[in-house]
Amino acid sequence: MPLTPELARTLCAMPKAELHLHIEGTLEPELIFRLAERNRVALPYPSVQALRDAYAFTDLQSFLDIYYAGASVLLTEDDFYDMTRAYMQRAAADNIRHAEIFFDPQTHTSRGVSMATVVNGIERALAEAQARDGITSRLILCFLRHLPEDDALQTLETALPYFNSHGHRLVGVGLDSSEQGHPPNKFARVFERCRALGLRIVAHAGEEGPPEYIHEALDMLRVERVDHGVRAIEDEALLARLAREKIALTVCPLSNVRLKVFDHMGQHTLHQLLKRGLAVTINSDDPAYFGGYLNDNFLATFDALDMTLDDAYTMARNSFEASFIDDAEKRRLVGELEQFRAAQAQ
Ligand code: HPA
Ligand code: ZN
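Residues numbered from 1 in each chain as written. Chains lettered and ligands numbered in written order. Predicted model: local features only at pLDDT ≥ 70, side-chain atom pairs only at ≥ 80, totals over all residues. Heavy atoms only, no water.

Caption draft 1: How the structure looks around the layout of surface pockets. The volume enclosed by the largest pocket comes to roughly 240 Å³. Lining the largest pocket are 17 residues, and of these K246, A248, A279, E321 and A322 lie nearest its centre. Every element with two or more residues in the lining of the largest pocket is listed here: α11 (236-244) and α16 (309-321). Partitioned by chemical class, the residues of the lining of the largest pocket number eight nonpolar, three polar and six charged. (1 Å grid on protein atoms, 1.4 Å probe; cavity = no way out; pocket = protein on both sides within 12 Å on 5 of 7 lines; lining within 4 Å. Points joined across faces, edges and corners; volume = space filled by probe spheres on them. Helix = DSSP H or I, 4+ residues; strand = E, 2+ residues; numbered from the N terminus. Nonpolar A, V, L, I, M, F, W, Y, C, P; charged D, E, K, R; others polar.)

Structure (structure tokens):
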């Protein structure tokens with residue numbers, strides 16, 4: 001089905017959840033420069049345009065180098081608040097009803113910023129968005145996989161007071177950063193401790209790394225969702241397992257094209273994964289760096305792949321069902337989606 005103006009409008013208006021979003025990846029160049037000025041941080045780029053021009057990535061690592069440089073402007077609680085507030089306004093505009101947001105505390109604590117500064121700033125903006133726009137949210141702490149496991153264990157200890165405590169949205173852990181050469185098994189101990197603590201568990205796997213990393217994330221880390229996971233398409237047994245065990249994939253189409261996982265959107269395997277019965281969802285990953293927010297990802301995907309409106313409803317429904325909210329909240333959000341669908345059909 002071609003992307004007609006009517007289909008585009010419906011995709012954009014559809015209630016949906018975002019389950020794969022790095023909050024540091026929502027820092028737009030303009031905000032990076034504003035925060036750099038406010039905090040007197042020197043940037044290695046002379047202008048907003050020069051920074052934007054540097055966003056010509058060849059692979060995951062070439063992106064991560066710039067992404068960590070951008071995050072260096074974040075110092076105060078207000079910085080984390082301003083960043084998160086800007087994203088939640090975009091989320092509201094995209095009709096996101098629920099967001100599960102990654103953050104990378106090690107990127108900040110290694111610069112002397114406290115865990116409290118990071119979490120409190122983000123949480124303040126999330127509470128405000130819930131009060132203002134009714135968008136619910138959860139936070140997921142990601143360990144940086146290029147660092148040693150001991151750093152991750154230390155980070156977990158520092159974050160313990162914030163998990164699942166009254167009023168806090170921090171419910172789980174993930175694993176991100178440079179995938180190749182840093183397999184999930186490197187973090188078996190820290191994830192075992194997270195499981196014992198009753199935390200929700202996800203990990204990036206099969207973005208650039210091989211299908212074996214997805215098997216490892218399932219077997220050793222016991223992930224409940226796989227972030228990216230697109231390389232599962234290379235492994236028949238893995239496809240069958242992901243479908244059977246109803247493990248959702250948080251796929252990020254614009255990210256995959258920008259980081260050269262696929263040469264162009266027409267080659268993206270999202271539709272094949274969906275047709276194989278996997279619980280695929282569409283997400284934006286690092287929207288300030290990859291050319292678009294969640295609705296831009298929906299539009300680019302539907303423009304390039306031969307999918308139907310039913311596929312969009314399936315993925316929106318998947319996004320609510322694979323989320324870490326309780327069953328009553330899930331029923332409410334799926335009900336909202338069904339109401340929207342019924343209204344469209346009239
Ligand atoms: N992959 C791995 N690490 C990341 C990503 C990603 O897409 N975005 C931010 N950190
Ligand atoms: Zn990611």
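Next comes the rest of the write-up.
Caption draft 2: Local environment of the site of ligand 1. For ligand 1, the full set of nearby residues is H22, L60, F63, L64, Y67, D176, S177, H204, E207, H228, D285 and D286. Residue S177 places a main-chain N or O atom 2.8 Å away from a nitrogen atom belonging to ligand 1. Measuring from an oxygen atom of ligand 1, one finds a side-chain N or O atom of H228 at 3.2 Å. For ligand 1, whose unbound accessible area comes to 260 Å², protein coverage reaches 100%. Placement of ligand 1 is best described as lying within the largest cavity. No other element matches helix α4 (residues 60-71), which puts four residues into the shell around ligand 1. (Near = heavy atom within 4 Å. Polar contact = N/O pair within 3.5 Å; in protein donor to acceptor, adjacent residues only side chain to side chain. Areas by Shrake-Rupley, 256 points an atom, 1.4 Å probe, with all protein chains shown as cover. Sits in = over half its atoms within 2 Å of the grid points.)

Caption draft 3: Spatial organisation of the pairing of strand β7 (residues 248-251). Every second residue of β7 is oriented toward a common face, with A248 and T250 on one face and L249 and V251 on the other, all of them buried. Note that strand β6 (residues 225-228) and β7 share three bridges and pair parallel. Of the residues in β7, the one forming a bridge with R225 is A248. Taken together, β6, α11 and β7 constitute a β-α-β crossover, and its handedness is right-handed. Across three bridges, the pairing between β7 and strand β8 (residues 280-282) is parallel. Bridged to V251 within β8 is I282. (Buried < 20%, exposed > 50% of the residue type's maximum accessible area, 1.4 Å probe, protein only. Pairing = 2+ DSSP bridges. Right-handed = clockwise from strand over helix to strand, strands pointing away.)

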